[in-house]
Amino acid sequence: MSVFIKWLGVGAGIVSISVSAMTLEQQREAYEQAQTLITNKDIPEYQVLREQLNDYPLTPYLDYRMYMLDLDKRTPVEVEQYIKEHHQYPFSQSIRGSYLDALVKAEDWKGFYRFQPQKPRMQSYQCSYYFAQYQMGKTVDAFKGASQIWMTGSSIAKECNELFKAWDEAGLRKDTVILQRMGLAFVSRNARLLNYLQDLPESDSAKENAQAINQLYKDTSQIEAFATSQAQSELNKKVTLATLKRITYQQANPQLAIKVIDKVAKAQKFTDKEYQDSADYIAYSLINTDDAELAKWRDDTLLKSTNPKWLQRRARLAIQHQDWHGLNIWIDKMPTKEKESKRWQYWKARALLAQGEVKEGKTRMQQLLGYRSFYSIAAADYLKQPIQYNTLMPTKSEASIEPFSESLARVKELIAVDKISTAKREWRWLLARSTSAQKKLLAQYAAKHHWNHLSVIATIEAKMWDHISLRFPIAHQWWFNFYAKKHDLDPITLMALARQESGLDIDAQSPVGARGLMQIMPKTAAATAKHYNIEYSGADELFDVSKNIEIGSQYLAGLLDDYNGNRVLAFGAYNAGPNRVDLWRERTGGKVDVYSYIESIPFAETRGYIKNILMFEVYYRDILNKKGPFLSDLESEMKY
């Protein structure tokens, strides 16, 4: 027997539909209507509509919204039980914060502490947590927590004000504590906080010290006077160390830092490590100096260093200048882990070959072959050997993803209705609850359903580095082929770039605002569209696959035209901008090969970016059985 219920149709009043006859499209429409009814708090009509959505995969999101409507009326026990019973849903993790907000608003500190007996992660909730302790008479623990939160160089959440007021009235905001926070604010370069803290100390000595610290922040040239006039202390040493760094980089005056380092180190009793770390920092700022005296100071300093970051940067400078003897020295200075990496073993081989030690150099090159590594391919290129690397195919597993069938149904429906962000949250929450074996099965499941970005996420979570076919989905191939042909590009290049930029996530948005598959900045998109007469209506259009690839491919084609088809330079410009590429080429001066140029790039992100896309092209060529060189003749023969 069919059951008939009322349904609020769009602009059509109330109609009756048989539950047994509901199509998926009707369920989707009813779901959206239910969302609107909840927003409008039309609960009676919502409840009528809800009855016909029991089998719809996304209905739990409706139930969640209804639950949240009167969350403030729930008891801590009820909310805790709800979270426990709904742990399989990603929204279960947001309920706690919302309920804590409701308890704070109601000033129900007993309920807060009952619901949140452990210190929360977020600072605002931590303050409420300690204030709840204070209200319940646990003053020792509350004030200990207040002291810990207060001790930061950053601004603090307004929710902490009442806690700090009670802590201060208890006489615990002592001058020593104020000065310690000034040191943290100094290191964090928080001038506003420094000005505020300067007026808080009560003793004359503390006031004088606070004023001296704030004055040094305003005028770092007084570093020597500060270090020698102020008493030796951990605080004054911290401030002096931070000032050396500010002088070196923020104010670009390493000469002053070199001039005063010995005197201030002696006055404030730097440890050997503190002195070397400071000297390393100054030396690093001089990496591109043309001054012979400063270069000598830099190298003398770095020869005493054990910091792998500085030593590797100095080795890259040797590569930039093709100083093979020096490169040997800097590689040998590195810690064992770095020295034995494929990167530096390749460059060790290059240095040996350049100095005539051909047999040992070739032997080292041979040892690099056969790995899934940029440097393995570089070695194969030198030895004129075919590219080989490890690959794995999915295997049978005793694990099962059957327990996740409802979660997978929700992901499928979210993708179908274009709620990609929510689908990603569901997927990440599903992976977080999976074993390693289940993650691998989920990666295969996503690949089977062409959930391209989700399969990439799963392979990363499962560390499936050798599962090339899963890590590199063939996505949006029609559009890549179409715009590649239009702009005379290789579609594999476009696909590899998109895989690097977004992991093939059409909904991707970076912290700085880059959008979509090819991670295009809105300003770049607007300028590209204007220059090439592309129809473009605004930044939101960059989430459209075809428009994103259209603009991204045109922008890349323009860069390739600027660099005569050289992908290495074009990729670098796509990532870091043409101006930086021009600067790096100026430094290498047209004297280095392509591998030396890539290694000489000072930005780790851009180095990795170029190498990744070149590698991704290799993988995609193998997957698609398309032949092509690792580097073109132009790229491999050109001097950079």
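Residues numbered from 1 in each chain as written. Predicted model: local features only at pLDDT ≥ 70, side-chain atom pairs only at ≥ 80, totals over all residues. Heavy atoms only, no water.

A. Quick peek at the overall build of the protein. The helix and strand inventory of the protein stands at 37 helices and 2 strands. Each of the three principal axes of the protein carries a C-alpha extent, and together these read 90 × 75 × 55 Å. Every one of the 640 residues in the protein was classed for burial, and the buried ones make up 50%. Counting every atom, the protein has about 32,100 Å² of accessible surface; 49% of that belongs to carbon and sulfur. Charged side chains of the protein number 84 positive and 76 negative; the gap between the two group centres comes to 4 Å. (Helix = DSSP H or I, 4+ residues; strand = E, 2+ residues; numbered from the N terminus. Buried < 20%, exposed > 50% of the residue type's maximum accessible area, 1.4 Å probe, protein only. Areas by Shrake-Rupley, 256 points an atom, 1.4 Å probe, with all protein chains shown as cover. Lys, Arg positive; Asp, Glu negative; His and termini not counted. Charge placed at Lys NZ, Arg CZ, Asp CG, Glu CD.)

B. How the structure looks around unusual backbone geometry. One non-glycine residue, Glu107, adopts positive backbone phi at about 55 degrees. Tracing the backbone through its elements, the reader meets Glu107 in the loop between α5 (92-105) and α6 (109-115). Overall, Glu107 belongs to the exposed group, its relative accessible area being 58%. Backbone geometry places Asp488, a non-glycine residue, at a positive phi of 60 degrees. Within the fold, Asp488 resides in the loop between α29 (477-486) and α30 (491-502).

C. Inspection of the UniProt feature "domain: Transglycosylase SLT" (unreviewed entry) in the protein at higher detail. When the UniProt feature table is mapped onto this chain numbering, "domain: Transglycosylase SLT" (unreviewed entry) sits at residues 480-591. With 62% helix and 0% strand, residues 480-591 has end C-alpha atoms that lie 35 Å from one another. (UniProt positions renumbered as here; feature names shortened; annotations may be inferred.)

D. Seen up close, helix α9 (residues 161-169). Taken together, the buried positions of α9 are Leu163, Phe164, Ala166 and Trp167. Seen end-on, α9 carries its buried residues on one side only, within an arc spanning 160 degrees. In the segment just after α9, Gly171 is the residue with positive phi, at about 80 degrees. (Arc of directions from axis to C-beta.)

E. Representation of the pattern of salt bridges in the model. Within this structure, the stated rule accounts for 30 salt bridges. Taking the shortest distance from any N to any O, the salt bridge between Asp63 and Arg50 comes out at 2.8 Å. Taken together, the residues Asp63 in helix α3 (residues 59-69) and Arg50 in helix α2 (residues 43-50) connect sequence positions 13 residues apart. Glu617 is the salt-bridge partner of Arg621, the closest N and O atoms lying 3.2 Å from each other. Here the residue Arg621 and the residue Glu617 both occupy positions in helix α36 (residues 604-624), the gap between them amounting to 4 residues, near one helical turn. For Arg621, a relative accessible area of 10% corresponds to the buried category. Each of Asp490, Arg567, Glu617, Arg621 and Glu635 takes part in a single network of salt bridges with overlapping partners. (Salt bridge = Lys/Arg side-chain N within 4 Å of Asp/Glu carboxyl O.)

F. Expanded view of the domain arrangement of the protein. On domain assignment, one finds that the protein holds domain 1 (21-68), domain 2 (409-465) and domain 3 (477-637). A separation of 25 Å is found between the C-alpha centroids of domain 1 and domain 2. Contacts between the two partners involve 7 residues from domain 1, matched on the other side by 9 residues from domain 2. Both faces combined, the contact of domain 1 with domain 2 buries some 650 Å², and carbon together with sulfur accounts for 63% of it. Between domain 1 and domain 2 we count 2 salt bridges in total. A salt bridge links Lys419 to Glu32, with the shortest nitrogen-to-oxygen separation between them at 3.6 Å. Between the two partners, domain 1 and domain 2, sit 3 residue pairs in polar contact (both at pLDDT 80 or more). With 3 residues, the single largest contributor to the side of domain 1 that touches domain 2 is helix α1 (residues 24-39). Residue composition of the side of domain 1 that touches domain 2, grouped by class: 5 nonpolar, no polar and 2 charged. (Domains from an automatic or database assignment. Contact = heavy atoms within 4.5 Å. Buried area = accessible area lost by both parts, 1.4 Å probe. Polar contact = N/O pair within 3.5 Å; in protein donor to acceptor, adjacent residues only side chain to side chain. Nonpolar A, V, L, I, M, F, W, Y, C, P; charged D, E, K, R; others polar.)

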